[in-house]
Amino acid sequence: MQIDSLDANMWARGPWEEFRWLRKNDPIHWDEKNQLFVISKYDDLVYISKNAQIFCSGEGTRPNMPTKLSIVDMDEPRHGQLRKLINKGFSPRMVSKLEVFFRDMTRKAVDRIAKTGRCDFVMAVSVPLPLELIAELIGIDKKDRDRFHVWSDDMIASDGFYHDPVVMQRATEAFSEYVTYLHDAIEERKKMPRDDLMSILVHAKEGGLLGQDNNHKANAREKVGEHDLEMAGDEMLMFLVTLMIAGNETTRNAISGGISALIENPAERQKLVDNPALIPLAADEIVRYVSPVLNFQRTATQDTELRGKKIKKGQRARITVDAFPDTVLEGEVSKVGVLPDSQNRWMN
């Protein structure tokens, strides 16, 4: 069987039959069309993810994405340096402040729903809450958050549709508008810092800890206009773009998928109603069960071998994030592509 692992239509309908076949018959599958290996076994996914010396992130972590995703697409030591810097925005004091903000925002959303007793949960909760929290974290002014929503959706929509000129035009325009907005906001922070992540990053850049990523800039050269090229290489701007897109989309999908799973499995929902102490555990389990990101890419830094398949230096491997150990997959895979883990403590 030959599989186009990046076919957006396949993912839209659910590629579970194809991946069941791959796990059983060709777990290190060469996707000829996209020139990459498709890794579908859990043990292989873990091995690749934990061996950055052999399989790196620095050549891009999203298959065929035309630009890199800031810290996500970095190897050590730079990845660790930026992670340490960004963690300053998640100090206990800052997290406490954001928790108060998020609880208030969530309470208001639930109150609005309670007035009618029904809602489109995605539009009432899943979309606005993560977006508002990220905007608050970054320091986006409240009056500008409707635009923040539009920019985020237009950039997210390009994933998997890089050859669609209409979609890519909207994404490029959204990128340009967002980074221009950030540029102006950064200039304001230089004059008057605030208690937000943007001010922390501005201070770090002025101290020489953030600069230009020329590799990223070269990667983007053919994909964006000259006006955006300098911004595409700016480490601070690209991190703020990535935070808006990746942080927003993954959380939105996890919340929506989690609620859907609870609706489809009322007995599991009842466990949480009866014992709210399980809710923190349920949050972790929802991320595992829903798998809001289904694949990442790594690039071989040297010739290597997996399950007898030779992988040459420079070849890409697409790892399936929702892969599970064979002991879990002894039975048939459900329509959502996962079965509850035998060691799982909640959804079982």
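Below, the structure is looked at part by part.

Reading the values: the criteria
- Residues numbered from 1 in each chain as written.
- Predicted model: local features only at pLDDT ≥ 70, side-chain atom pairs only at ≥ 80, totals over all residues.
- Heavy atoms only, no water.
- Helix = DSSP H or I, 4+ residues; strand = E, 2+ residues; numbered from the N terminus.
- Expected span 1.5 Å × (residues − 1).
- Polar contact = N/O pair within 3.5 Å; in protein donor to acceptor, adjacent residues only side chain to side chain.
- 1 Å grid on protein atoms, 1.4 Å probe; cavity = no way out; pocket = protein on both sides within 12 Å on 5 of 7 lines; lining within 4 Å.
- Points joined across faces, edges and corners; volume = space filled by probe spheres on them.
- Nonpolar A, V, L, I, M, F, W, Y, C, P; charged D, E, K, R; others polar.
- Phe/Tyr/Trp six-rings, centres within 6.5 Å; stacked < 30°, edge-to-face > 60°.
- Buried < 20%, exposed > 50% of the residue type's maximum accessible area, 1.4 Å probe, protein only.
- Pairing = 2+ DSSP bridges.

The terminal C-alpha atoms of helix α9 (residues 165-191) lie 39 Å apart, and with 27 residues this matches the ideal 39 Å at 1.5 Å per residue to within 8%. If you check the start of α9, you find a side-chain oxygen 3.0 Å away from the backbone N of Val-166, and it comes from Asp-164.

It is the rolling of a water-molecule-sized probe over the atoms that shows where space remains empty. The computed volume of the second largest pocket comes to approximately 1,700 Å³. Considering the residues around the second largest pocket, the lining is formed by 38 residues, among which Phe-102, Ile-255, Ile-279, Ala-283 and Ile-286 are closest to the centre. For the lining of the second largest pocket, the secondary-structure elements that each account for two or more residues are α5 (92-116), α6 (121-126), α7 (128-138), α13 (235-264), α14 (266-274) and α15 (279-290). Along the lines of polarity and charge, the residues of the lining of the second largest pocket split into 29 nonpolar, 5 polar and 4 charged.

For any two aromatic rings, the description comes down to two numbers: the centre-to-centre distance and the angle of the planes. Tallied over the entire structure, the rule returns 6 aromatic pairs. Where Trp-11 meets Phe-19, the ring centres are 5.5 Å apart and the plane angle is 45 degrees; that geometry is what we call tilted. Phe-19 gets classed as buried once you look at its relative accessible area, which sits at 3%. Ring geometry for Trp-151 versus Tyr-178: centroids 5.7 Å apart, planes at 40 degrees, classification tilted. A residue pair is termed long-range when its members are at least 10 positions apart, and Trp-151 in helix α8 (residues 145-156) and Tyr-178 in helix α9 qualify at 27 residues. On the accessibility criterion, Tyr-178 (0% relative accessible area) is buried. Through pairs of rings, three or more aromatic residues link up here, namely Phe-148, Trp-151, Tyr-178 and Tyr-181.

A few words on the pairing of strand β1 (residues 28-31). When β1 meets strand β2 (residues 36-39), the two strands line up antiparallel, connected through 4 bridges. Bridging from a neighbouring strand, Ile-28 pairs with Ile-39 of β2. Once β1 ends, the chain turns through 4 residues before running back antiparallel as β2, passing Gln-35 with a positive phi of about 55 degrees.

Turning next to the environment of Gly-257. Structurally, Gly-257 can be placed in helix α13. Owing to a relative accessible area of 23%, Gly-257 belongs among the partly exposed residues under this scheme. Along the chain, Gly-257 and Val-122 lie 135 residues apart, while their C-alpha atoms are 9.6 Å from each other.

With that out of the way, let us pick up the pairing of strand β4 (residues 295-300). Burial runs high along β4: 5 of the 6 residues are buried. Two strands pair when backbone bridges link them, and strand β3 (residues 55-56) and β4 are joined in this way by 2 bridges, in the antiparallel orientation. Of the residues in β4, the one forming a bridge with Cys-56 is Thr-299. As paired elements, β4 and strand β7 (residues 316-320) share 5 bridges and run antiparallel to each other. Its bridge partner lying in β7, Gln-297 is registered against Arg-318.

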